[in-house]
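Examining the three-dimensional arrangement
Listed below, chain by chain, are the residues.
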Amino acid sequence: MVTRNLNILNRYNILYLEDDDSLLHQTKDMLGDFVNNIFAIKTSKEAFEVIKGHRVDVIVSDILLENENGIDFLRELKEVHNIHIPTILTTAHTDTKYLLDAIKLKVENYIVKPINLKELLNSLHDIVLPLMQEKEIQKNSNIIRTISAITDSKQVDVIRFIVESLDEKDQLIASYGDIMQEVNISKPTLIKLFKDLASKKILTKIAHKTYQFDQRALEFV
């Protein structure tokens, strides 16, 4: 039996598209205990607004919506807007036409209603696990490449702290004092490191105690 760590779901945002009010709120309440944020909506118009303004990691969408079709929404999302978000389709129907359309759109999974919470959670886990692993690989790569941009070995722990402390916008929010509480380094050495990173455009101060990390700058290191 495969054992899944469902705790990893609490890092991810889910968009749930369903036109049945009762099912919408019921599933939202159940998923809300496991995920970081769930955007529960009834129309594709609302879905596009959410995607435009928020980070959405996985979409869970009913196929047959009121006066519209979930597959048409996904097709427009991918083919018109060039937005590719992993998707689970739900439906009360087993018509093979829908399954074939889902396969053509490379939908990650297809769940027949009534929705089984365990099945849905397991499917979400299997989708976000590779995303998490890819992010960890990228984080480690950024650490290595950033370290290669400096010469003072005393600063390695600071680099690791910076990369591991980045938020979802790749921003570091910390003062010199905050960093010195976590890493044994002198303030002059720390200031020099930040100046070196700034000169290479790897870490740019954008506000008080707020720095933008730009991994694109690592391409030129």
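Residues numbered from 1 in each chain as written. Predicted model: local features only at pLDDT ≥ 70, side-chain atom pairs only at ≥ 80, totals over all residues. Heavy atoms only, no water.

In this section: the sheet that holds strand β9 (residues 203–207). The sheet built from three strands is open, its strands ordered β8-β10-β9 with antiparallel pairing. The two strands at the open ends of the sheet, each matched to only one other strand, are β8 (171–173) and β9. Averaged over all pairs of adjacent strands, the angle between strand axes in this sheet comes to 30°, irrespective of strand direction. (Pairing = 2+ DSSP bridges. Helix = DSSP H or I, 4+ residues; strand = E, 2+ residues; numbered from the N terminus. Axes fitted to C-alpha atoms, helices over the stretch in contact; angles between N-to-C directions.)

One recurring pattern in soluble globular proteins: nonpolar side chains tend to sit buried together. The biggest cluster of nonpolar side chains holds 23 residues, and the ones touching the most others in it are Leu 15, Ile 51, Val 56, Ile 59, Phe 73, Leu 74 and Leu 89. Counting only elements with at least two residues in this core, the list comes to β1 (13–17), β2 (37–41), α2 (44–53), α3 (70–80) and α4 (96–104). With residues up to four places along the chain from it excluded, the contact list for Leu 15 reads Phe 39, Ile 41, Ala 47, Val 50, Ile 51, Val 56, Val 58, Ile 59 and Val 60. (Core = buried A, V, L, I, M, F, W, Y, C linked by side-chain atoms within 4.5 Å. Buried < 20%, exposed > 50% of the residue type's maximum accessible area, 1.4 Å probe, protein only. Contact = heavy atoms within 4.5 Å.)

Next up on the list: a nonpolar patch on the surface. A cluster of nonpolar side chains, contributed by Leu 99, Leu 100 and Ile 103, occupies part of the molecular surface with about 280 Å² of accessible area. By the secondary structure assignment, Leu 100 is in helix α4. (Patch = residues over 30% accessible without salt bridge, like charges linked within 9 Å, V, L, I, M, F, W, Y side chains within 5 Å. Areas by Shrake-Rupley, 256 points an atom, 1.4 Å probe, with all protein chains shown as cover. Salt bridge = Lys/Arg side-chain N within 4 Å of Asp/Glu carboxyl O.)

Moving on, we get to the environment of Glu 18. Along the chain, Glu 18 turns up in the loop between β1 and α1 (21–32). Counting along the chain gives 46 residues from Glu 18 to Leu 64, while the straight-line C-alpha distance between them is 8.7 Å. Dropping the residues within four chain positions of it, Glu 18 is found in contact with Leu 23, Leu 24, Ile 41, Lys 42, Asp 62, Leu 65, Thr 90 and Lys 113. A polar atom in the side chain of Glu 18 sits 2.9 Å from the side chain of Lys 113. (Polar contact = N/O pair within 3.5 Å; in protein donor to acceptor, adjacent residues only side chain to side chain.)

Remember, this is a structural readout, not a statement about activity or role.
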